[in-house]
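Here's the letter readout for the chains.
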Amino acid sequence: MALIERAVVFLMMMATFQVSYAVVHKVGDSAGWTIIGNVDYKKWAATKNFQVGDTIIFEYNAQFHNVMRVTHAMYKSCNATSPLTTLSSGNDTIKITNYGHHFFMCGVPGHCQAGQKVDINVLRVSAAAAPTPSSSAMASSVPATNAPSPTPNHASPLIVGLMGLAFTLLAHVSSYA
């Protein structure tokens, strides 16, 4: 009987923890990766809660664009002379494997200057709990890494299952009392 009660308590405790799943983010949403339509990639990224494990998709016309992963300094100055990585398929997928800033830009002359660049910032804590950084903190140089980043976390269907199991066990235990 005590074992069942402990199991119920354990399952209920597990159900209270939020389980997050990787999310797929299409850069620019329906507009994709382009200079047409005045897409504000800074605003787009600000609305996302990127997490390790998320996938970033760049969809674009490969005849007119590309995706370059660059350092913070290159990003700020739109310098495309020596990118860390260049992607050019028109449908590029990047899996986020670490925290920090991941800087991307289009290397076609004039496109970065026209706003076709994005800073994917993967925080160590959820965006809801993170303090808002100051403008000076955002301007600091953060080394770029080789892997980019994901949207809001979604509560796990596992929670619903665990809660159901916990209540079933609790009801079962109560019937023996």
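Thresholds, definitions, all that
Residues numbered from 1 in each chain as written. Predicted model: local features only at pLDDT ≥ 70, side-chain atom pairs only at ≥ 80, totals over all residues. Heavy atoms only, no water. Disulfide = S-S within 2.5 Å. Helix = DSSP H or I, 4+ residues; strand = E, 2+ residues; numbered from the N terminus. Buried < 20%, exposed > 50% of the residue type's maximum accessible area, 1.4 Å probe, protein only. Lys, Arg positive; Asp, Glu negative; His and termini not counted. Salt bridge = Lys/Arg side-chain N within 4 Å of Asp/Glu carboxyl O. Polar contact = N/O pair within 3.5 Å; in protein donor to acceptor, adjacent residues only side chain to side chain.

A. View of the state of the cysteines. Going through the model one piece at a time under the given rule, you end up with 1 disulfide. The disulfide that involves Cys78 links it to Cys112, with 2.1 Å between the sulfurs. Across the S-S bond of Cys78 and Cys112 the torsion is about -70°, and the bridge reads as left-handed. Placement of Cys78 in the loop between helix H3 (72-77) and strand S4 (85-87) and of Cys112 in the loop between strand S6 (100-105) and strand S7 (117-122) is noted, with a sequence separation of 34 residues between them. The residues Cys78 and Cys112 share a single accessibility class, namely buried. Of all cysteine sulfurs in the structure, the one in Cys112 sits closest to Cys106, which takes part in no disulfide; the separation is 8.4 Å. Look at Cys106 and you get buried, because its relative accessible area is 1%.

B. Expanded view of the side chain of Asp54. Tracing the backbone shows Asp54 in the loop between helix H2 (41-46) and strand S2 (55-59). It is Lys95 that comes nearest to the buried, bridge-free Asp54 among opposite-charge side chains, at 7.4 Å. A polar contact of 2.7 Å, which involves the side chain of Asp54, links it to the backbone nitrogen of Val23. Among the polar contacts listed, one links the side chain of Asp54 to the backbone nitrogen of Gln51, at a separation of 2.9 Å.

C. Broad picture of the side chain of His25. Structurally, His25 is set in strand S1 (residues 24-26). Within the structure, the side chain of His25 is placed 3.1 Å from the side chain of Asp54, a separation counted as a polar contact.

Everything listed here is a matter of coordinates, which is why it stays silent on function.
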